[in-house]
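Residue strings, one per chain:
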Amino acid sequence: MAENNFKSKSLEDKMLEEKKSKFSLFKIFDINKPRKLPDKNKKYKTSFRQIVAYLLVPFRGMFFMTLFLSILQSLLFLALPILAGDIMNQIIFRMDFKFILNNFLILFIALVSMALVAYLRLYMNQFIGNSIIKILRGELFIAIENSSYSFLDHHSTGDLVARCTSDLNTLKMLLSSQITFFIRECFTVALSIIAMFYINFNITLLIIPIFPLIFYIIYRFRKRIGPIYRESRDIYGDEVTATIEENLGGVRVVRAFASEDYEIAKFNKYNDKYLQKQKEYIKLQATFEPMVRLFVNLSMAIVIFFGGRLLGTGIIQLGDLFTYLLLLNFAIEPLFFINTFLGNTAMYLQTTDRICEILNNTNIIKDPKPEDVKKFPDPVKGIIRFDHIWFSYRNNDFYELKDITFETKPGEVIAILGATGSGKTTLVNLIGRFYEATKGTIYIDGIDIRKVLQKDLRKLIAYVPQESFLFSTTIKENLLLGRSEGATMEEIIEACKLANIHDFIESLPKKYETLVGQRGVTLSGGQRQRIAIARAILKRPKILILDSATSSVDVHIEYKIQQGFKKMMANSTTFIITQRLSSVRHADRIIVLDNGRIVQMGTHNELMKDPNGIYYKLYTTLDIEKRAIESQKLLSENLISQIKE
Ligand SMILES: Nc1ncnc2c1ncn2[C@@H]1O[C@H](COP(=O)(O)OP(=O)(O)OP(=O)(O)O)[C@@H](O)[C@H]1O
Ligand SMILES: [Mg+2]
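A few points on the structure. Every chain is numbered independently, its residues counted from 1 as its sequence is written. As they are written, the chains are lettered A onward and the ligands numbered 1 onward, keeping that order. Local features in a predicted model are, by the rule used here, given only for residues with pLDDT of at least 70; side-chain atom pairs are given and counted only at 80 or more, and totals for whole chains, interfaces and linings are based on all residues. To get the side-chain values, all heavy atoms of the structure are used, and hydrogens and water are removed first.

**Observations regarding the pairing of strand E4 (residues 439-444)**
And step 1. Pairing between strand E1 (residues 384-391) and E4: 5 bridges, direction antiparallel. Bridge assignment links Trp-390 to a residue of E4, and that residue is Lys-439.
And step 2. DSSP calls a pair of strands paired once it identifies at least 2 bridges connecting them. In this description a helix means any DSSP run of H or I spanning at least four residues, a strand means any run of E spanning at least two, and both kinds are numbered starting from the N terminus. Bridging between E4 and strand E5 (residues 447-448) involves 2 bridges; their strand directions are antiparallel. Among the inter-strand pairings, Ile-444 is bridged to a residue of E5, identified as Ile-447.
And step 3. Linkage of E4 to E5, two consecutive antiparallel strands, is achieved through a turn of 2 residues, within which Asp-445 is found at a positive phi near 50 degrees.

This is how it looks when you write it as structure tokens:
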């Protein structure tokens, strides 16, 4: 049965495809059809031009077609008052039924054509808008995925999300309809005025100053209302929405510090402020509309007054006066849109800037040119060499890493030790080129890591970061992140056993298919860490980086995990960053960092020989602390037993 269903469905698909290939309109409006895109290497003078290239390169023909349809629509629209006036004249003065009927027929055809043209234009406008946004959204996503960590450091998540959503929607409006509307409306105004001059030159000359006047009023109004609108939008975005977002993220912290009242008061303040701005906005809006309408109506009155007098002298006919009044209305109405569009240009330019900043992000870590690409030897040995590496986050004279030089042996376990902020995470982030070293070179098996494709480089590395991130999907899918080709269930279980998390996963109702909450919040810190470790093991990397990966795990489990690693990762060069000296002790080599510099390097025994070294001091202090804790424990146990006795 299921098979039957499947068959009939695929047949349907085929039929649809056949239908599509026969009917070429389907092809034109196929959103997935590959299209020519703007040249990525081309430098545009402004971001606006770059964005418009997304309209004109893939959709040039269609765009000009919509423009043509828009103008046609406007012409048909103008034909209405002219035809209506003519019919009116005929009825009043001649009662020539044949003529009237003919005119009615033309009017009818004009109305039907207008509807058809409007349908086509709307469809094409929307198609273009949606297609461009689909392309741009895809490109933005790729740009964000490829951007270096330092780019992400400088842009908040909220900001990037806003650019991919609301900014793109603004552009969609602009590219799908606003530009063609703008051209159409300008055309309508010009054509209506010409027709008005044609009907009566003198009245039009009298009326014409009303246009700049209305335009000026709208302009002044926009000048006043613009900042209020922007302020209210900012309050809404930066204060109201941001507070909601932050509180959703930090609800646990807020609760723990019992600061709900403070947060609620803060939120109410922003909420009130927003309403206040809205009130100002509404007040202005409410005075503006009637004022402009007053001028429009006054101009109508002038036309009726002078036109009426001319009617008496027979210079103008009633039908023409009727046409004239309608045309006047047609000429004034677009002024609102034209004005708003011109007023919005600053916003549009800002939006195109924001989108292009991501698209042209030079902060992307680049792959070498195709002719310079090198490959790692197969198999990779895992010899990593830091050659006089300096690194600065801000690209200034302040270096977070200073002259780091060392070389690992294949399969070596290197522990990196140092106070918080000494540069441990920074150091390992350079191995996968998450950040680019400011000075110096890193080699893997003798090959400069900048000379290989990042894809090839990262295939070698599994990384368990300080704060492990889980996607809001099943545990299994989270585990398979580094194995795009998939893995057998046995492999998955083996990795989870090594990471000491298998039993826990088995205890969950849906086991490996259990969904984890957003960012993994439904799991404890230690469980999350162990899933991240299993994920790293499953990748079977040549280079394994564990950044404080077991900080939330008990010492004895940590020991078990490390023993597992030793067996499984015998051929992998492993970096372990940890604050626990117990984990460092068994490493093949220990690197001690202080303020971005390597101050000591060697095995535990070697480092213990230097009583002035940081390592010795750390070890002995910790030892003293440990002994103090032990004796404290003993003391309290003794006390308890004494009390019991
Ligand atoms: N994204 C960043 N942008 C700017 N400065 C940063 C960034 N990340 C870290 N730093 C700075 O670089 C220095 C080294 O930080 P790093 O994270 O490497 O320390 P760490 O040794 O890993 O510390 P911890 O043990 O707390 O994890 C610190 O002074 C820190 O403030
Ligand atoms: Mg760190």
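Having seen the structure, we can now continue with the description.
**So, the packing of aromatic side chains**
The way to describe two aromatic rings as a pair is by their centre distance and the angle between their planes.
And step 1. Side-chain rings of Phe, Tyr and Trp, where Trp is taken by its six-membered ring, are said to pair if the distance between their centres is within 6.5 Å; with planes under 30 degrees apart they count as stacked, over 60 as edge-to-face, and otherwise as tilted. In the structure shown here, the tally under the stated rule is 24 aromatic pairs.
And step 2. For the ring pair Phe-288 and Phe-336, a centre distance of 6.4 Å and an interplane angle of 75 degrees mean the geometry is edge-to-face. With Phe-288 in helix H10 (residues 260-313) and Phe-336 in helix H11 (residues 318-359), the pair connects residues that are 48 residues apart, well separated along the chain. Comparing Phe-288 with Phe-336 shows no difference in burial state: the two are buried.
And step 3. Each ring, one from Phe-341 and one from Tyr-348, has its centre 5.8 Å from the other, and the planes form 45 degrees; the classification is tilted.
And step 4. In our convention, an over-ring charge means Lys NZ or Arg CZ found within 6 Å of a ring centre and within 35 degrees of that ring's normal. Against the face of Trp-390 rests Lys-439, its NZ or CZ located 4.9 Å from the ring centre. For every residue, the accessible area (1.4 Å probe, protein chains only) is compared with the maximum for its type, and the residue is labelled buried under 20%, exposed over 50%, or partly exposed between those bounds.

**A look at the environment of Tyr-399**
And step 1. Relative to the assigned elements, Tyr-399 resides in the loop between E1 and strand E2 (401-407).
And step 2. Distance in space between the C-alpha atoms of Tyr-399 and Ile-358 is 27 Å, their sequence separation being 41 residues.
And step 3. Contacts between residues were defined by any pair of non-hydrogen atoms, one from each residue, lying within 4.5 Å. Excluding residues that lie within four positions of it along the chain, Tyr-399 makes contacts with Trp-390, Phe-391, Ser-392, Thr-438 and Lys-439.

**Some remarks on the packing of helix H8 (residues 210-249) against H10**
Packed helices, taken two at a time, are described by their axes: the angle between them and the distance between them.
And step 1. Helix axes are fitted to C-alpha atoms over the stretch in contact, other axes to C-alpha atoms as well, and angles between N-to-C directions run from 0 to 180 degrees. For the pair H8 and H10, interaxial distance at closest approach is 9 Å and the crossing angle is 165 degrees. Judged by the angle between their axes, H8 and H10 are roughly antiparallel. Every pair of crossing elements has a handedness; the one defined by H8 and H10 is left-handed. Oblique is the label for any angle not under 35 degrees, not over 145, and not in the 65 to 115 range, which are roughly parallel, roughly antiparallel and roughly perpendicular in turn. Crossing handedness follows the turn of the near helix against the far one: under a right angle anticlockwise gives a left-handed crossing, and clockwise gives a right-handed one.

**Topic: the sheet that holds E4**
And step 1. Strand order in the open sheet formed by 4 strands is E2-E1-E4-E5, and the pairing between neighbours is antiparallel. The outermost strands of the open sheet, each flanked by one partner alone, are E2 and E5.
And step 2. By the bridge criterion, 4 bridges tie E1 to E2 in an arrangement that is antiparallel. Looking across to E2, one finds that Arg-385 is bridged to Glu-407.

**Thoughts on the pattern of salt bridges**
And step 1. The working definition used for a salt bridge is a side-chain nitrogen of Lys or Arg within 4 Å of a carboxyl oxygen of Asp or Glu. Per the counting criterion, the structure on display carries 19 salt bridges.
And step 2. Notably, a salt bridge pairs Arg-385 with Asp-387, separated by 4.0 Å at the nearest N-O pair.
And step 3. Overall, Asp-387 belongs to the partly exposed group, its relative accessible area being 22%.
And step 4. Between Lys-459 and Asp-456 there is a salt bridge, and its shortest N-O distance comes to 3.9 Å. On the criterion of helical spacing, the pair formed by Lys-459 and Asp-456 is a turn pair, its members being 3 residues apart in helix H13 (residues 454-460).
And step 5. One connected set of salt bridges, linked through shared partners, spans Glu-231, Lys-277 and Glu-280.

**Some details on the site of ligand 1**
And step 1. We call a residue near a molecule or strand as soon as one heavy atom of that residue lies within 4 Å of the molecule or strand. Within the structure, ligand 1 sits among 15 residues, and Asp-153, Lys-424, Thr-425, Thr-426 and Gln-466 are positioned closest to it.
And step 2. One nitrogen or oxygen atom from the main chain of Ser-422 is found 3.3 Å from an oxygen atom belonging to ligand 1.
And step 3. Protein chains shield 68% of the accessible area of ligand 1, which is 630 Å² for the free molecule.
And step 4. A total of 3 residues in the shell around ligand 1 trace back to one element, the largest contributor, which is helix H12 (residues 424-431).
And step 5. Nonpolar residues are Ala, Val, Leu, Ile, Met, Phe, Trp, Tyr, Cys and Pro. Charged residues are Asp, Glu, Lys and Arg, and all others, Gly as well, are polar. Considering only residue class, the shell around ligand 1 consists of 3 nonpolar, 8 polar and 4 charged. Definition of a polar contact: a pair of N or O atoms within 3.5 Å, with one able to donate and the other able to accept a hydrogen when the atoms are protein atoms, and with sequence-neighbouring residues admitted only if both atoms are side-chain atoms. Exposure was quantified through the Shrake-Rupley algorithm and a 1.4 Å probe, taking into account, for residues, occlusion by the shown protein chains and nothing else.

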